[in-house]
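Coordinate analysis (summary)
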Amino acid sequence: MQRYTEDMKAKSTLGVVFFPAFDWAIHPLHPEREERLLYTLDQLNEEGVFDIEGIYQYKPDIASYDDIMRTHFCFPDVSKVTTQSHLISAGGTIKAANLVMDHIVNKSFALVRPPGHHAMKVVHGARGFCNINIEAVMVEYIREHYPVKKIAIVDTDCHHGDGTQDIYWHDRDVLYISMHQDGRTLYPGTGAIHELGGPNALGTTINIPLPPNTSDEGFLMAMQRVVLPILKDFKPDIIINSAGQDNHYSDPITNMNFSALGYAQLTEMLNADIAVLEGGYSIQGALPYVNLGITLAMAGLDYSYVHEPDYSQKDLSQDKEITKYIKRLCDQVLKRYEECKKPSFKLMPGNYDVRKKEIYYDTDNIREMQLESIMVCDECRGVLKIETTSTVNPLCLGIEIPLNACDRCQKEGYRLLDHALSGDRYKYVQLIDRRNKKYVLY
Amino acid sequence: MYLGLDVGGTHTDAVIIDKSGVIAHTKVATTHHNLLECINEAFKNVLTGIDPSHIKRVNLSTTLTTNAIIENKCEEVGIFVSGGPGINPAHYSIGNYYFIIDGQIDHRGTEITLLNLHQLEKALKKCRKKDIKVYTVVSKFSTRNPIHEQYIQQKLSDADFVSVGHTMSGNLNFPRRIATAYYNAAVWRLYNTFSYAIEESLKSLGVIAPVNILKADGGTIPLHVSRSIPVESILSGPAASVIGTMALCNITQDAVMLDIGGTSCDIALFADGAPLIEKDGIRLNTHNTLVRSLKTKSIGIGGDSAIKVDGTAVTAGPQRLGMSMAEGGQNPTIIDALNVIGTINFKNTARSQEGLSSLEKKSGIPAQTIAQQAITYALDIIYNEVMAMIDEVNSRPVYTIHEFLKGKVLQPKTIYLIGGPAKTLAFHITQRFGWNVKVPPYSQVANAIGAAVARTTVDIELFADTQRCRLLVPNLNVNIRIPQDYDVDNAIEDATNYMMQFLESIGVDERERQIEILQVYAFNMVDGFETTGKNIRVHCQVKPGILHQCRDILKI
C-alpha cells in the first residue's frame, strides 16, 4: 500500500478558529445570515482539511467588555451596541492571536462571523454589517499582552476597511494597507490614494483603490509592486490579513474578477501570521473554494487544484487598459508613500489637529457627527479626544491616552477627563488609558 | 441467556449472562494465525453444562478485520475515485489499483461535470486484466448526490463485491470515505468466509440464536448485515470494555473509565452516563476512517510496564518486557513496585524486592524510592492523559451561539477502574485524582460482558434540499424527491421513520428501537432577495448502550 502522506503534512502548522454562528443573522434575508459559512464548512469537511497533519480546528474565546473598551468608544455602552455573536467573533480573533503568540501553531485563521472592518473608533451601532472591529480588538489585545510593537494589517476585502483605517489613522505602529474596489464605484466610498494617515502617523495608512473588473493579474501586481515593498520597509513584527472574499468574480455585491486560485496565490505571497475573515457573500460559488484556498496556502500546502466549479467557463483575463491603469496606480501609491517620509507642514507639538467627520451607519440607519482632536506629539501617538453625537445618542466624549503615552499626553488626558466630568456637557464619557490599562465609562 | 465473546490481543474471553448474572466465563489464549480456533474453544468452554438452545443472542467482538488491515493481508481492490477540484485526489491514493476518474459534484450535490467514461473504461480494463474481483467506488460529495458512484457501480456488475462510498456513512469527508470504502472491500472476502464459519460452528454446538458483531461505537449489527459492511467490525475491543463497565456499574453522571491491562491503559469518557463518541470516526493504520467509534485512547502504561532508571530519572513503560518478577518475569514492573511499597501482596513478593534491589545497585537510589517514583510516574501519565482528553472534549468546536454559551461541560469526578491490575491500583488512583474510584466485580471479563449485552446501534444523517427537491439518507441508500414545502418537522419525522424501518428490517426488537435526535439544522437558502429553499440536516442515532432485556436481568 502506498500513500503520499508526506505531501499532506502542513509546512506551517495552522490553527483554524471556525465559528459560523449558525444561529445568528442580521435578519433572515440579509447577506450576513446563518447560511453564510454553511457551504464553506461542508467543503472543508468533505476535503478532510481538519484531518491534515498540522491543521487544527479551535473553538473561539469570548471577548470581554475590557477587550472591546480597550479598542472602541462605545456609546451608550458596550452592551447596547453588541450582541453575544459580536463578542464571540471578536473572541475568535483573540483565540487566533493567542495560538500564534503562544507558539501553539505557526499561523492562524479566524474563520468567524460577523465581520468587523467597517466598525470605527466610535461605535453607536452597526455599519457595513459590522459593530465591533474584530481585527482591531485583536491588535489591541496582542499589544496589551505581548511585547509586540509593529503590526501590519493588509485588508484584501473588496470594500475599503474604513473602520480599521479610522482606528489606526493616528497610529504609526500599525501599518494599514487596503486593496479594494475604487470607492467611487462601491460602498463605503473612502480609501482614495491621498488618505495616508494623521499628522503623527503619515504614511502608515496606504490605500490601493483598484478599478472594477480587476482580475488575478491586477491583484497580484498590486501585491508585488506596492504591498510587499512597503511591508519590507515597515518591518512589522506581525502581519494580519483582513481576508474579505468579496473580490471574487461571483460576488453579488461587488464588481471584481478575482478567483479562488488568485486568493490562494495572494495568501502565499503575503505570508500573513494571522488571517481574519471579513466580507464575502457569494456563499456557494466563492466562499467554499476561497476559504479552502486560503487555508491550504497558509499551511504551505498545494492549492493548485482548487477551482470554482464554473472557473473553466469564465473568461477572467484582464483588460489591457485596466492593467495599464493599475500599473500607474501602483506608481502613484508608492510615490505618495515615499513623500510621507519627507518633512512636511505640521502643527507644533502640543497643539491639537482637528477633524470634523460625518458618519453614516447604513446597517442601523444612524447618523453621527464627530469632532476628533489629536495632540500633535513627537514623543508618542498623542492623546486623542473625540466629541460625538448621533441620531441615537446625545453628545458624548471619548478620551484615549495611547499605549506608551508620553507624560505630557498622559497628563493632558486626565485634564480633559476632569474638565469633562466637572460639567454636564456630555451624556457619557469613556476613558481609554492604555498606560494604566484603565477602560472606564462615566 | 446472552453469550458475549471478545477476542483480545492476548486472551479471548467469553461469558454467558442470565437472570442470576454472569453464570459462566472462560479465558483462552488468542490464536492469531487462526481466530476460529480460539473462538471455537471459548464457545465450547463457556457452553459446558449449559443448554445451548437457551442462548437468545450471541454477540461477537473480533480482531479479524483489524489484524488483516494492520498486517496488510488484504485482497487487491480496484479503486475508482472521482474527485473534481479541491485537494488533489492523488494525495489519497491507497492500494495498488487506484484510479482517478474526472467528474465533479459540488457541495449542494449539483453535477458540474460528467464522469469521464473514457478514463473509466481504461481503468476497468486494467483491473479486469489483473483479475480483480472486488472494487471500491467513491466520489466527492457522494453523500449529497451519489450519481457518479452509482453509475460506476452499474458498470461493475461482474464484480464479486463493490464497496460504495456513500453507503459507508452520511458524513462528509472524502479522504475518510475513500479509506473506509477501500478497507471494506479489502477485507470483504476474508470476513465473509469467517462469518459463515462462525455460523457453522455455532450451529454444530446447538446454538440457534441470532449472531451479532460488535462495532467500535459499542453497538452491534446482525452478522448477516455486517457481510456487506465488514469494515464496521474494526477496533471493537475498547468499546467492549466500555459497554461492560456500563453493564457492571450503573453510570448516570460524567465519568472516566480506565481499563488497565498488562501493557496498556485504555481511557474512555462518559457524559451524563453515556459513552462519548469520536467526532468523525476511528483511525486505523495511518488512515482516518468514517467508522463510528467511541472516544477512547490507549496509552502505554499497565501493570507489566517495565521500570527503567536513567541517571536519577525513574520511568515505566511504554515497553512490556514480559510479566512482573512476582509472576516469574525477568524485569521489575509496576506490579513489583506495588509489592515493594506494600500496597499489594501479590504472588512472589521476594522476587519483586530482588528486582528493585538490582535497580538500586545499578543506580544508587533506594529500592523503595524507585518503586514509589515508578508508581508516581505511571500515575502522572494516566492523570495527564485523562485531563488532556477531558480538555479536548470541552474545547471541541461548536457552531452555534447557543452551544457556545450553554453547551455541556464535561466535569467527571468518578473513575471506573477495570482490567487485571485494576484493584491493585485503585488506592493510588484515588490519591492521584482525588476522585471517587470504583472497581466493579467481574472487572476482568468486563470486555466479554460488554460484548454480550451491547445493543444494536445505527446512526443516520438525513439531508434535505428543498430547492433541488432532494432528500438523502446516504447510508440507508435513500434518495427521493421531496416537495418544495418540505420542512424541518417533516425531516425529523422522516429520519425517525427511516431509522425505524431499517431497525425493523434487520430484526431489532421493538424495545431496542429508541431513536435519539442528535442534531437538527435548518437553513434558509437565499438567492438575491428571495428565499429559494431550505437546507435541512438531521442526525439521529440509536445510542450505544445495554440491551433492555439485559438491563432487567442485571438489575440496572
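Residues numbered from 1 in each chain as written. Chains lettered and ligands numbered in written order. Predicted model: local features only at pLDDT ≥ 70, side-chain atom pairs only at ≥ 80, totals over all residues. Heavy atoms only, no water.

Re unusual backbone geometry
Note the threshold: Strands here are runs of E lasting at least two residues and helices are runs of H or I lasting at least four, both read from the DSSP assignment and numbered beginning at the N terminus.
Look at the link from Arg 113 of chain A to Pro 114 of chain A: it is a cis peptide, with omega at 0°. When you line up the elements, Pro 114 of chain A lands in the loop between strand S4 (107-112) and strand S5 (122-123). Geometrically, the link from Gly 317 of chain B to Pro 318 of chain B is a cis peptide bond, its omega value of -5° lying close to zero. Following the sequence through the fold, Pro 318 of chain B ends up in strand S20 (residues 313-320). Positive phi, close to 60°, is recorded for Asn 477 of chain B, a residue that is not glycine. Structurally, Asn 477 of chain B can be placed in the loop between strand S24 (470-473) and strand S25 (478-481).

Regarding a positive patch on the surface
Which entries qualify depends on this criterion: The patch calculation keeps residues exceeding 30% relative accessible area without a salt bridge and links them within 9 Å when they carry like charges or within 5 Å when they are nonpolar (Val, Leu, Ile, Met, Phe, Trp, Tyr). Here the open area of atoms and residues is found with the Shrake-Rupley method and a 1.4 Å probe, where only the protein chains shown may cover a residue. The salt bridge criterion pairs a side-chain nitrogen of Lys or Arg with a carboxyl oxygen of Asp or Glu, the two atoms within 4 Å. In this tally, Lys and Arg are treated as positive and Asp and Glu as negative; His is ignored, and so are the chain termini. By convention, charge coordinates are those of NZ in Lys, CZ in Arg, CG in Asp, or CD in Glu.
Positive charge collects at one region of the surface, where Lys 122, Lys 126, Lys 129 and Lys 130 of chain B lie side by side. Looking at the secondary structure, you find Lys 130 of chain B in the loop between helix H3 (117-129) and strand S9 (134-139).

Regarding the environment of Val 290 of chain A
Residues and elements named next belong to chain A. How we decide: Accessible area is worked out with a 1.4 Å probe on protein chains only. A residue is then buried under 20% of its type maximum, exposed over 50%, and partly exposed in between. Here a residue-residue contact requires only that any non-hydrogen atoms of the pair lie within 4.5 Å.
Turning to its location among the elements, Val 290 is positioned in helix H9 (residues 287-298). Exposure remark for Val 290: the relative accessible area of 0% places this residue in the buried category. Counting along the chain gives 75 residues from Val 290 to Asn 365, while the straight-line C-alpha distance between them is 31 Å. Once you skip the residues sitting within four places of it in the chain, Val 290 turns out to touch Gln 245, His 248, Ala 260 and Tyr 263.

Looking at the interface of chain B and chain A
The test is simple: We call two N or O atoms a polar contact when they sit within 3.5 Å, provided that within protein one can donate a hydrogen and the other can accept it, with sequence-adjacent residues counted only if both atoms are side-chain atoms.
Counting from both sides, the interface comprises 56 residues of chain B and, opposite them, 48 residues of chain A. Linking chain B to chain A there are 5 salt bridges. On the surface where chain B and chain A come into contact, there are 21 residue pairs in polar contact (both at pLDDT 80 or more).

Here's the deal with the environment of Thr 295 of chain A
Residue and element names in this part refer to chain A. Of note, Thr 295 is situated in helix H9. Judged by relative accessible area, Thr 295 falls into the buried class, the value being 1%. It is 9.2 Å that separates the C-alpha atoms of Thr 295 and Leu 44, two residues lying 251 residues apart in sequence. Sequence-distant contacts of Thr 295, that is, excluding residues within four places in its chain, are made with Leu 14, Val 16, Leu 44, Val 49, Ile 55 and Phe 109.

Re the domain arrangement of chain A
All names here are of chain A. Threshold: These domain limits were set by an automatic method or by a database of domain assignments. Summed over both partners, the accessible area (1.4 Å probe) lost when two parts come together is defined as the buried area.
Partitioning chain A into domains gives domain 1 (11-339) and domain 2 (352-441). The straight-line distance from the C-alpha centre of domain 1 to that of domain 2 is 27 Å. On the side of domain 2, 42 residues touch domain 1, which itself brings 32 residues to the contact. At the boundary of domain 1 with domain 2, total buried surface from both sides reaches about 3100 Å², with 55% on carbon and sulfur atoms.

Side note on the packing of aromatic side chains
Both the distance between ring centres and the angle between the ring planes are used here to describe each pair of aromatic rings. For the record, the criterion: Here the aromatic set is Phe, Tyr and Trp, taking the six-membered ring for Trp, and pairing holds for ring centres within 6.5 Å; pairs whose planes are under 30 degrees apart are stacked, those over 60 apart are edge-to-face, and all others are tilted. A positively charged side chain is recorded as over a ring if its NZ (Lys) or CZ (Arg) lies within 6 Å of the ring centre. The angle to the ring normal must also be within 35 degrees.
As enumerated under the stated definition, the model contains 17 aromatic pairs over all chains in all. Aromatic pair Tyr 92 of chain B and Phe 174 of chain B: ring centres 6.2 Å apart, planes at 90°, arrangement edge-to-face. With a gap of 82 residues between them, Tyr 92 of chain B in the loop between strand S5 (77-82) and strand S6 (97-100) and Phe 174 of chain B in helix H5 (residues 174-186) connect regions that are remote in the sequence. Accessibility expressed as a relative area gives 0% for Phe 174 of chain B, which makes it buried. A connected cluster of aromatic rings, assembled from ring pairs, spans Phe 18 and Phe 22 of chain A together with Tyr 399, Tyr 521 and Phe 523 of chain B. Here Arg 227 of chain B stacks its cationic end above the ring of Tyr 196 of chain B, 3.9 Å away from the centre of that ring.

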